[in-house]
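Chain and residue survey
The residues making up each chain are set out below.
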Amino acid sequence: MTAANMSEKTPLLHYRLSSSSHGSERSVGVSVEKSPRVSRETVEKPPVKLSTFVGVIIPTVLSMFSVVIFLRIGFVVGHAGLYQSILMFLVAYLIITMTVLSVCAVSTNGAIDAGGAYYMISRALGPEFGADGTGLAYSHHVLPVGYWWSLLYASGVLLLCLVVCLVGANVYAKATLLIFFIVMIVLSSIFVSFFIVGPRVVVLPAAFANSTLPTTANFTGVKLDTLLGNLWASYTVDYTTGSMMSFITVFAVMFNGCTGIMAGSNMSGDLKNPGYSIPHGTLTAVVFTFITYNLLAVLVSCSCERLLLLRNYSFLRDINIWCPLVMVGIYSSTLSAAMSNLIGASRILFAVSRDNIFGGVLAPASRTSETGNPWVSVLISWSLVQVVLLSGKLNTIASIVTICFLLVYAAVDLACLALEWASAPNFRPTFRYFTWHTCALGIVGCLVMMFLISAVYASASIAFMLVLLLLIHYLCPSSSWGYVSQALIFHQVRKYLLKLDVRKDHVKFWRPQVLLMVANPRSSTGLITFINDVKKSGLYVLGHVQLGELEMLPADPLQPCYNSWLSLVDHLNIKAFVSLTLADSVRHGIQHLLFISGLGGMRPNILVLGFYDDCSPKDNLQDCVFSTGALSLDKFKPDKAQKRIFHFPAVRGDGVGSEAASAKDLSIEEYVFVIADAVKMQKSVALARYFCTFNRSEVFARAKPGQSGLYVDVWPLNLLRPDSGRYVDTCSLFLLQLACVLNMSHAWHQARLRLFLCVKTGSCLQEAEKKLQRMLKDLRITADVYTVPWDHILVLHGQRQAKVNQLHPKVQTEGHKEEAAECLHNFPSNTTLLSDEYLCAVNLLIRENGDPPPAVRFLYLPHPPADTRRYTSYLHQLDLLSRELGPTMLIHGVAPVLTTDL
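Rules and cut-offs
Residues numbered from 1 in each chain as written. Predicted model: local features only at pLDDT ≥ 70, side-chain atom pairs only at ≥ 80, totals over all residues. Heavy atoms only, no water. Helix = DSSP H or I, 4+ residues; strand = E, 2+ residues; numbered from the N terminus. Buried < 20%, exposed > 50% of the residue type's maximum accessible area, 1.4 Å probe, protein only. Contact = heavy atoms within 4.5 Å. Phe/Tyr/Trp six-rings, centres within 6.5 Å; stacked < 30°, edge-to-face > 60°. pLDDT = per-residue confidence, 0-100. Pairing = 2+ DSSP bridges. Right-handed = clockwise from strand over helix to strand, strands pointing away. Salt bridge = Lys/Arg side-chain N within 4 Å of Asp/Glu carboxyl O. Axes fitted to C-alpha atoms, helices over the stretch in contact; angles between N-to-C directions. Parallel < 35°, antiparallel > 145°, perpendicular 65-115°, else oblique. Left-handed = near helix turned anticlockwise from the far one by under 90°.

Here we come to the overall build of the protein. A count of helical and extended segments in the protein gives 31 helices and 16 strands. In the protein, buried positions account for 54% of the 902 residues. Sequence-distant contacts in the protein: of pairs separated by 6 or more residues, those separated by 24 or more amount to 83%.

Okay, structure coming up:
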């Protein structure tokens with residue numbers, strides 16, 4: 001692809017078409033209705049493929065030459081001099097070569113299909129980056145001057161290109177081969193003319209002659225004096241535009257002639273062996289054009305006066321052995337450039353439509369002929385170019401075209417750079433003459449050149465590309481060809497996980513890292529979304545245990561389940577991982593997950609379980625609706641909506657599904673064993689009750705003006721140990737921290753924390769409240785403190801304790817004080833001190849002090865009893881304590897999580 005962008009008042013015709021890329025997936029054949037009269041051999045006859053020379057070298061050479069080699073070589077040497085001209089070519093080809101190396105690397109890393117640059121970019125960076133360009137056109141006028149004449153000639157050339165491209169790549173290859181030989185003959189005549197044509201006087205274009213300036217200039221032939229006069233720069237006013245030239249402006253014009261390296265790559269679908277032809281053919285074309293440009297610059301400097309170079313950009317025609325021959329070369333190169341870019345643009349458009357990037361909008365462009373020629377894409381490309389021709393603003397478009405080419409080049413470099421940095425084992429191209437340094441240099445060079453050509457157009461093109469990237473990222477269907485971003489993320493995550501040293505953990509940087517055990521997601525959506533708010537940017541893992549033994553099964557039953565779980569994560573819009581395990585019991589499965597969940601320093605420190613009760617679960621996923629298929633304009637039609645199918649078993653008592661849905665998978669004892677196991681493993685435990693009724697949207701509606709308000713209640717006292725009277729232990733502070741973390745999340749920042757302090761009437765209520773307020777201030781926690789007298793409840797506990805003392809009088813004797821203390825303060829013996837009447841009274845106290853009702857309550861969860869025979873009583877007491885309280889978290893903390901240190 002090339003773009004000549006300097007306006008030329010000398011009547012010349014130069015039509016250009018360029019294209020960029022979009023994202024694609026795989027080659028998808030378009031079915032063709034076959035008539036019974038058409039033989040199978042005719043229909044299935046494979047299309048003729050192109051060789052390296054015809055399919056890559058010729059299109060690339062012609063695109064990099066175009067008319068620039070005939071019209072702009074004198075402009076460059078005349079203003080910049082030979083030294084700076086060679087420097088410009090070196091810099092330009094260095095930038096281009098960096099991109100060529102990236103093209104070679106990507107194209108030799110696997111099979112290349114139709115789409116060229118689009119295919120390579122999209123397969124590496126994804127459809128967003130593959131679709132970061134546009135197709136445009138550029139032209140030069142000739143013969144009678146005028147808008148309608150120029151439109152007529154340009155449309156005629158375009159129609160001829162259309163006919164060739166509609167016939168197919170084979171005819172296009174023959175046409176470009178003929179044009180290539182014509183251009184080579186013209187170039188040969190130019191080189192010969194420098195030596196066999198004698199000195200002559202060349203008349204400068206009369207339209208630009210000034211009475212104070214010479215009207216003629218000399219062609220001297222190859223002479224040393226002429227060379228010495230052209231070595232150094234002499235920037236002056238461009239006679240065609242009236243603008244003062246500089247190194248940057250001349251370099252920008254010259255660089256346009258060096259573009260076009262993708263002309264062969266865009267024919268990838270029509271090549272016999274793209275993986276071989278693209279790197280070899282492109283490199284050959286680059287080397288050939290580089291030598292030709294520099295050799296021509298040297299010969300021009302040795303044989304033409306500076307004035308001739310500055311005042312007549314078409315001087316090659318006047319010094320040739322046969323003047324019309326140069327015009328033949330100009331017209332031929334124009335025609336080849338037009339055909340090359342038209343057929344390249346149609347191939348890219350075909351690849352984009354085939355991959356369904358824009359849904360049904362471009363669906364017709366995926367149609368092909370029986371030989372595989374995308375004729376609809378050719379017609380669409382032709383019509384777009386014809387519209388551009390009608391606008392008549394072709395010179396303005398030229399610089400935009402070049403900038404779009406450079407964006408594509410930068411995207412190819414970025415694709416290769418990303419693949420190299422990702423260190424994916426499958427990225428092993430056979431072409432190894434590149435590094436990430438060459439890719440980065442290519443990106444920087446392309447960006448610099450964009451802004452040198454036009455800062456305004458470069459900024460606008462980048463902005464448009466970013467908008468298009470975002471639209472495709474959020475609207476296009478998911479692809480199956482892989483994203484290099486995933487490999488890069490993996491590479492960086494592994495790198496920083498290794499640096500996350502658990503030995504350097506500190507309490508002031510503690511954060512919740514939660515393992516939430518989910519028996520059935522259908523009834524747990526409320527709890528799942530709530531825990532997502534509690535995690536505070538920490539690790540969040542959804543765990544599930546499936547009962548079974550792998551040795552008794554033909555295959556792993558968990559692998560097919562992951563898609564449903566990941567779809568659930570997407571549906572609930574939470575940031576969580578999924579960890580499933582197979583075990584002979586729920587207890588053993590949870591042990592597995594507590595041992596292996598997480599990686600490095602990111603491991604769960606809190607286990608969250610649903611409460612063990614007889615509440616009837618509700619299926620919260622049965623009414624979920626979503627749209628299926630690729631995202632397109634049709635997606636938003638109501639008739640396209642279908643139910644999302646989550647492959648989870650029916651909830652208990654639903655009457656649907658397997659027998660397992662009607663019974664629990666673990667006993668009461670096993671449930672309490674799970675709690676005890678987690679505490680042994682130094683994991684804090686939270687039991688979530690009544691979250692089956694938790695509706696996040698309804699809860700947040702309370703925070704709106706005119707509503708009751710959003711509250712979070714915290715009861716930091718161990719209500720199963722009323723005689724302790726302590727509310728500043730590790731577990732109590734853990735409750736405060738989690739409540740504060742919940743309040744810090746964006747969704748809950750309007751909630752108000754209410755802290756309830758249970759005290760005796762005879763004690764100093766104000767002093768206890770002030771003490772707690774001071775502690776909250778030191779911990780930077782904002783909460784409303786309420787003192788709650790509970791003398792009448794302590795009486796019930798005292799009565800129960802007296803009965804126990806009567807049954808065990810020995811605990812009152814002097815010789816058994818230590819045993820008495822253990823009886824009173826250790827939970828195993830304290831279990832017998834709690835009556836149902838006391839627990840119901842505490843439960844009523846909590847409910848009476850919950851006006852307005854809170855969104856959630858945090859209660860103290862005591863350690864399970866050491867005597868496993870008390871496990872049933874333990875769970876029964878927790879049930880009475882938390883009954884009918886609404887969404888409640890019973891929490892037991894095992895590690896310090898609060899600090900007053902800076």
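On we go from here.
Take the packing of aromatic side chains next. Scanning the entire structure with this criterion turns up 25 aromatic pairs. Considering the side-chain rings of Tyr-93 and Phe-290, the 5.1 Å spacing of their centres and the 65° angle between planes classify their relative orientation as edge-to-face. Of this pair, Tyr-93 sits in helix α4 (residues 73-107) while Phe-290 sits in helix α11 (residues 274-303); the two residues are 197 residues apart in sequence, bridging distant segments of the chain. You can call Tyr-93 buried: its relative accessible area is 4%. The exposure class assigned to Phe-290 is partly exposed, which follows from its relative accessible area of 24%. Plain terms: the ring middles of Trp-565 and Phe-648 are 5.3 Å apart, the flat faces sit at 75° to each other, and that makes the pair edge-to-face. With Trp-565 in helix α21 (residues 562-572) and Phe-648 in the loop between β10 (641-643) and α23 (668-680), this pair connects stretches of sequence that are 83 residues apart. With a relative accessible area of 3%, Trp-565 lands in the buried category. With a relative accessible area of 9%, Phe-648 lands in the buried category. The structure contains a cluster of three or more aromatic residues connected by ring pairs, namely Phe-530, Phe-691, Phe-694, Phe-700 and Trp-748.

Now for the confidence of the model for the protein. Mean pLDDT over the protein works out to 79, with 79% of the residues at or above the 70 mark. Here residues 625-643 is a poorly scored stretch, pLDDT under 50, and it has 27 contacts once near neighbours within four places are set aside; other chains count. Low pLDDT, under 50, characterises residues 810-829; the stretch is placed with 26 contacts to residues that sit more than four places away or in other chains.

This paragraph deals with the pairing of strand β7 (residues 577-583). When you tally the buried positions in β7, you get 6 out of 7 residues, the bulk of the element. Taken together, the 7 bridges between strand β6 (residues 540-547) and β7 define a ladder with parallel strand orientation. Across the sheet, Gly-543 pairs through a bridge with Ser-579, a residue of β7. Taken together, β6, α21 and β7 constitute a β-α-β crossover, and its handedness is right-handed.

So, about the environment of Val-287. Residue placement: Val-287 occurs in helix α11. What makes Val-287 partly exposed here is its relative accessible area of 48%.

The subject of this paragraph is unusual backbone geometry. Geometrically, the link from Asp-851 to Pro-852 is a cis peptide bond, its omega value of 0° lying close to zero. As for its placement among the helices and strands, Pro-852 is situated in the loop between α30 (836-848) and β15 (856-860). For Lys-536, which is not glycine, the phi torsion reads 50° and is therefore positive. Checked against the element boundaries, Lys-536 lands in the loop between α20 (525-534) and β6. A relative accessible area of 34% places Lys-536 in the partly exposed class.

On to the side chain of Asn-743. Summarising the element assignment, Asn-743 is placed in helix α25 (residues 730-744). In this structure, Asn-743 is in contact with Trp-748, His-749, Ala-751 and Leu-753, ignoring residues within four places of it in sequence.

Any two side chains of opposite charge can pair, on the condition that their charged atoms come close. The tally for this structure, following the rule as stated, stands at 11 salt bridges. Among the ionic pairs, Arg-869 bridges to Asp-867, the shortest N-O distance being 3.0 Å. Across the pair Arg-883 and Asp-879 runs a salt bridge, and its minimum N-O distance is 2.4 Å. Judged by relative accessible area, which is 16%, Asp-879 ranks as buried. Ionic contacts of the salt-bridge type, sharing partners, join the residues Asp-613, Arg-689, Asp-879 and Arg-883 into one network.

Turning our eyes to something else, we now look at the pairing of strand β16 (residues 888-892). Burial runs high along β16: 5 of the 5 residues are buried. With burial as the criterion, each face of β16 is covered, one bearing Thr-888, Leu-890 and His-892 and the other bearing Met-889 and Ile-891. Bridge analysis of strand β11 (residues 684-689) against β16 gives 5 bridges, and the strand direction is antiparallel. Bridged to Leu-687 within β16 is Leu-890. The pairing of β15 with β16 spans 4 bridges and is classified as parallel. Bridge assignment links Leu-859 to a residue of β16, and that residue is Leu-890.

Before going further, it helps to examine the packing of helix α7 (residues 147-167) against helix α14 (residues 323-354). Interaxial distance between α7 and α14 falls to 9 Å at its minimum, and their mutual angle equals 50°. The angle between α7 and α14 falls in the class oblique. Classified by chirality, the crossing of α14 by α7 is right-handed. Contacts between α7 and α14 pair Val-157, Leu-158, Leu-160, Cys-161, Leu-162, Val-164 and Cys-165 from the former with Leu-335, Ala-338, Met-339, Leu-342 and Ile-343 from the latter.

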